[in-house]
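Here are the chains, one letter per residue:
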Amino acid sequence: ELGDKTDKDGYSKGFEAINNFFIKAGANFKYLATDYKYKGLLMLKTGKDSLGILEMEKAILMDTSLTRGIYSEIANNFYKNKKNEKAILYYEKKLAFNPNSLNNSDWFNFGRACYNLAQPAQVEANAMRDALAKKKKNTESPEVKKKEAEAAVLYIKADSAFSKSAQ
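Residues numbered from 1 in each chain as written. Predicted model: local features only at pLDDT ≥ 70, side-chain atom pairs only at ≥ 80, totals over all residues. Heavy atoms only, no water.

### Details of the side chain of D106
Inspection of the secondary structure puts D106 in helix 6 (residues 104-134). D106 has contacts with S72, N76, Y91, K94 and S101, leaving out every residue within four places of it along the chain. (Helix = DSSP H or I, 4+ residues; strand = E, 2+ residues; numbered from the N terminus. Contact = heavy atoms within 4.5 Å.)

Here it is as structure tokens:
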């Protein structure tokens, strides 16, 4: 769990150790939900996102009380790695699981992830509008409107998340 704080290869060593545990324990061993949770966390930390999420989903199926923490870990991992779409997906899953489960940090990061996705969508809509204007065509094309609507939805989500964070 300490990873880079004390040892640059800490996450890799941890993953190797838990992987060895799963191999030695075998298929008939009665694993705990936290075994899957920590295996998944170590996989996330070593760049094996999809596999790590699968392990963490197994943990949730075994013990739903872990849902809040696991969704936070996954969302925060995606946010830190600038995978904003996936971060938003897991913040929203956590929110759907329990509307009161997001803490201040979650709300702020959720807002930032939405804002970070809205910015390029708005820039793209503006560029499309400018290109149409240069060609002396109607700047209110369905493509421009769709891109602007996409950005607006994300800006609204960001605003709501920041408002919750401020509260």
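Back to the write-up after that little detour.
### Thoughts on the nonpolar core
In terms of nonpolar packing, the biggest core is built from 35 residues, with I70, I74, Y90 and F110 touching the most fellow members. Mapped onto this core, the elements with two or more residues apiece are helix 1 (10-25), helix 2 (33-45), helix 3 (49-62), helix 4 (67-80), helix 5 (84-97), helix 6 and helix 7 (142-166). (Core = buried A, V, L, I, M, F, W, Y, C linked by side-chain atoms within 4.5 Å. Buried < 20%, exposed > 50% of the residue type's maximum accessible area, 1.4 Å probe, protein only.)

### Overview of the packing of helix 2 against helix 4
At a closest axis distance of 11 Å, the pairing of helix 2 and helix 4 adopts a crossing angle of 5°. On the basis of the axis angle, helix 2 is roughly parallel to helix 4. The segment helix 2 lies against helix 4, with K37, L41 and L44 engaging I70, E73, I74 and N77. For the contact of helix 2 with helix 4, the residue count by class is four nonpolar, one polar and two charged. (Axes fitted to C-alpha atoms, helices over the stretch in contact; angles between N-to-C directions. Parallel < 35°, antiparallel > 145°, perpendicular 65-115°, else oblique. Nonpolar A, V, L, I, M, F, W, Y, C, P; charged D, E, K, R; others polar.)

### Quick word on the confidence of the model for the protein
Averaged over all residues, the pLDDT of the protein is 89; the fraction at 70 or higher stands at 95%. For the protein, helix 4 is the element with the lowest average pLDDT, namely 89, and helix 5 is the one with the highest, namely 93. (pLDDT = per-residue confidence, 0-100.)

### Quick notes on the environment of K145
The topology assignment puts K145 in helix 7. C-alpha of K145 to C-alpha of A125: the two residues are 20 residues apart in sequence and 7.7 Å apart in space.

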